[in-house]
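Structure at a glance
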Amino acid sequence: MTDATIKAVLGPTNTGKTHLAIERMCGHSSGAIGFPLRLLAREVYDRVVAIRGDKAVALITGEERIEPPDARYFLCTAEAMPRGGGGPNGPLAFVALDEAQLAADRERGHVFTDHLLNTRGREETMLLGASTLEPIVRALVPKAEIVTRPRFSTLTHISPRKLSRLPPRSAIVAFSAEQVYAVAEMLRRFRGGAAVVMGALSPETRNKQVALFQSGEVDYIVATDAIGMGLNLDVTHVAFAGLTKFDGQRQRRLIAAEMAQIAGRAGRHHRDGTFGTLAGQGQSPEFTEEEVYAIEEHRFAPLTKLFWREPEPRYDSIATLIEDLEAVPPEPELVRAPEATDLAVLKRLAEDGSVNDVKVPGQVRRLWEACRLPDFRQHGPETHARFVARLWRDLRGGYLGADFVAARIADLDRTQGDIDTLQGRIAAIRSWAYICQRPDWVLARDEMAARARSVEARLSDALHARLTERFVNRRTAILMKNLGQDPALLPVTLAEDGTVAVEEEPIGRVEGFRFVVDHRANHADHRLLLSAAEKALPRLLGERAQALAAGGFAGVTLDEGAVRWNGSDIAHLEPAQLATSPRIVPTREVTALSEPEKGAFMAALNAWVAAQLAPLEPLAKLEAASRDPAAGSEARALLLNLIDGHGYATRERTGIEHLPRESRPFLRKLGVVFGALDVFAPALLKPAARAAFHASGADRRALEEAMRSVIPGGRRLPAGYRPAGEQAVRVDVAEKLLRTAHETRAKAARRYFVLDPALAISTGLTEDSWKRLMGAAGFKWQSGRKLAEGALGPPAPDRWSWHPGANRNAGSSWDGSKAKAGKPTGNRPKGPRREKPAPAVPRPGNAFAALADLIGK
């Protein structure tokens, strides 16, 4: 193996370096690639599996290990990548290190530097990185072949944009979790939401959030600077919410190369991209002209130093180990790495005396491996050192028990809580996943590792759901993407149950023809939902109107003058000159239909309403007669009163006393009946006619649907009834009973007569109600018991007499005119007045004679 087989493939983002490395590795018999992120390693693992099959490909990271026995291709994080390029079956034919410029990173740079200097492939080695790495590669690896690759697309700076003006497919980069959340909240409100990517998220959660953006479900992604490393996104614009960050020691401005690494996410393959800053975010950061030039032209100051730490320290003692880890680099291009978390933890454990008894080289190595446990919780060296100390107390005696590890994992297997709580649990389970991957730390290692990965997956799903729930309003996002389209092309659908949806996302309901915004939408979304509905509803409602008319208005009801469908009004009836032909006034929503659709719909609705009012045909005849001049003014006045009373009226309201006798046959032909108490048209007292009156809104009195003969009385009686004591009787039934009484009176030809109550009782009237009805018509009842008091023989029957003067509006049922007092009929011609006979004087001592005289009266 010689340096001549090494290639340094350098260039900006979007140059296809990683794709080239995958192709080259798959062309060899074996190989390995080291990546800066577990997320990127997993992404490439899936790609290589698709090419070579899952039995030939391994994934090795600190928290996950998929290693088939016959694996020949290894995708690893830089920390988990075998040092030197050796594989389980000997040296690997191909080795590549991605993002090699991270050798200048303060925390992890020494790992990348070690691979850059020492990890080689048997046949080919590739170092992938930024162009700033070229001078130092030439110095440290002088025989390496330098291959420079140009960017596939152009990167252009644009002026600052407000959040509401950002183009679709934009990434907004912030440098704190608080700023990420604030920007995502605003995007949810104004643009429907955004995916969120932060370094604190688990790889699975980041994958799901990225997929949310890549699928187009949201058009924006808000991220920390983690987006600049290894995430391949379809981004057209990168907006910086700030240009400073805290690097672990101080708040500083990004250097141009860091800006370019992030801005370079814009544009993929041959599609150009843009970058800029976010306006209206307090300080309104802006790039300098020098920075814009450097980013657009990919010209940056070259790296002059790489961080280095002894990759193979001695383990004779803890002091010797620390001494070697702080040793001076052997080359002038290398500088000693800053104190990383693992070294800081080791020093703290050595200082507190808890590991002073660790002196055997094997134990020193084991302690160092425990100290290298990553600080996934990001609590800092002090807190992390306490966790490592507890871990070491269990490890120094051998293995961690499976029951103990299983209990710790089970404690974290809870998906309740908010975003921060779930992030904390994921960080903790990642620590246990790392612990379970170590070959000599945990009993039943494979089982415990599988449990840890399973819990991490569930927590990641829950965190993804919380992030999506908080920062994504799918409905708003869909509407924002589609509102600019031709209304005919809007993906708005109207379901049979009235639900209006955009790409299966409900935005409201149509009740009848009225659109109601989804009750779950917040106030800020109402205007957007209404705007979308107003564009699409004319087309949808036109189709709905046609279907309703074609279906014969199935499900439509007419009640108290309102035409309702699905619980919502679509029209109402207004009184017109003819009660049987009311004017149909459509609602505003129906009026909004196009003229042809509205005309056809209203014609069909008029026909349907006419069919509902068909039982009022007898009323139409009365209306026609009331307009006939030949009827005479008195008859027309009576008809108008009858029409106004919706088919019946009391005698006193009809002005019957002014009606000439010659007009009565004309009215009788129209079906008018002149009753003892009421004038009415029997056809309009039928259930169908009364229901039609009620439905049209012409008669808003209570409705008795079956129009029973007798019903319980009350203060507000249904239309067509008159009171009779504690009951109410239909006016035509009352007339039948009163006519029978008058006929019986006429046959008796006497002032007093006996009336059988059987007919009244058969209709449902009680005896008391019958007597009250008779009294209203001028009949007076006398008890037979009182008549029989003091008399011998059987009791006398109850008897009646007629006294029209008791109710001056009551008339005879013979011809509808008022009867004269003392006359059994009203048709007999007037004659000379008879003198009233003197009262009979009962003969003393003769009870039967006295009773006979009394009855004679």
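So, here's what we can say about the structure. (Residues numbered from 1 in each chain as written. Predicted model: local features only at pLDDT ≥ 70, side-chain atom pairs only at ≥ 80, totals over all residues. Heavy atoms only, no water.)

Let's talk about the sheet that holds strand 32 (residues 710–712)
The strand order across the open sheet formed by three strands is 32-34-33, and the pairing between neighbours is antiparallel. Of all the strands in the sheet, the pair left with one neighbour each is strand 32 and strand 33 (721–724). In this sheet, adjacent strand axes meet at a mean angle of 35° when their direction is disregarded. Sheet analysis places strand 33 next to strand 34 (residues 727–730), joined by four bridges and oriented antiparallel. Residue arginine 722 lies in a different strand from strand 34, and its bridge partner there is valine 729. Packed on one face of the sheet, helix 25 (residues 731–748) meets strand 33 and strand 34 and runs near 85° to strand 34. Sitting on the sheet, helix 27 (residues 767–776) touches strand 33 and strand 34, and the angle it makes with strand 33 is about 110°. (Pairing = 2+ DSSP bridges. Helix = DSSP H or I, 4+ residues; strand = E, 2+ residues; numbered from the N terminus. Axes fitted to C-alpha atoms, helices over the stretch in contact; angles between N-to-C directions. Contact = heavy atoms within 4.5 Å.)

Some remarks on the environment of glycine 242
Tracing the chain through its elements places glycine 242 in the loop between strand 15 (237–240) and strand 16 (244–246). For glycine 242, a relative accessible area of 4% translates into the label buried. Remark: the alpha-carbon pair of glycine 242 and isoleucine 172, spanning 70 residues in sequence, is separated by 9.7 Å. Excluding its chain neighbours within four sequence positions, the residues that come into contact with glycine 242 are Val173, Phe175 and Pro285. (Buried < 20%, exposed > 50% of the residue type's maximum accessible area, 1.4 Å probe, protein only.)

Comments concerning the packing of helix 10 (residues 341–351) against helix 12 (residues 381–395)
For the pair helix 10 and helix 12, interaxial distance at closest approach is 9 Å and the crossing angle is 65°. By the angle class used here, helix 10 and helix 12 are roughly perpendicular. Crossing angle aside, the handedness with which helix 10 passes helix 12 is right-handed. Judged by residue contacts, Thr341, Ala344, Val345, Arg348 and Leu349 of helix 10 engage Pro381, Glu382, His384, Ala385, Val388 and Ala389 from helix 12. Classifying every residue of the contact of helix 10 with helix 12 gives seven nonpolar, two polar and two charged. (Parallel < 35°, antiparallel > 145°, perpendicular 65-115°, else oblique. Left-handed = near helix turned anticlockwise from the far one by under 90°. Nonpolar A, V, L, I, M, F, W, Y, C, P; charged D, E, K, R; others polar.)

Notes on helix 12
For helix 12, which comprises 15 residues, the first-to-last C-alpha distance of 20 Å matches the rise-based estimate of 21 Å (1.5 Å per residue) to within 8%. Buried residues of helix 12: His384, Ala385, Phe387, Val388, Ala389, Leu391, Trp392 and Leu395, and no others. If you follow the buried residues of helix 12, they end up packed against helix 10, helix 11 (361–371) and helix 14 (419–437). (Expected span 1.5 Å × (residues − 1).)

Regarding the packing of aromatic side chains
Scanning all chains against the criterion turns up eleven aromatic pairs. Where phenylalanine 387 meets tryptophan 432, the ring centres are 6.5 Å apart and the plane angle is 85°; that geometry is what we call edge-to-face. With phenylalanine 387 in helix 12 and tryptophan 432 in helix 14, this residue pair connects regions lying 45 residues apart in the sequence. In this structure, phenylalanine 387 and tryptophan 432 share a single accessibility class: buried. Both rings, one in phenylalanine 553 and one in phenylalanine 601, keep their centres 5.6 Å apart while their planes meet at 55°; by these two values the pair is tilted. Taken together, the positions of phenylalanine 553 in the loop between helix 17 (523–550) and strand 25 (556–559) and phenylalanine 601 in helix 19 (residues 595–612) put the pair 48 residues apart, joining distant regions of the chain. (Phe/Tyr/Trp six-rings, centres within 6.5 Å; stacked < 30°, edge-to-face > 60°.)

Re the sheet that holds strand 5 (residues 73–77)
A sheet is described by the order of its strands in space; here eight strands give the open sequence 4-3-5-2-8-9-1-10, paired in mixed fashion. Every interior strand has two partners, whereas the edge strands, strand 4 (65–66) and strand 10 (145–148), have only one. Note that strand 2 (residues 31–35) and strand 5 share five bridges and pair parallel. Bridged to glycine 31 within strand 5 is tyrosine 73.

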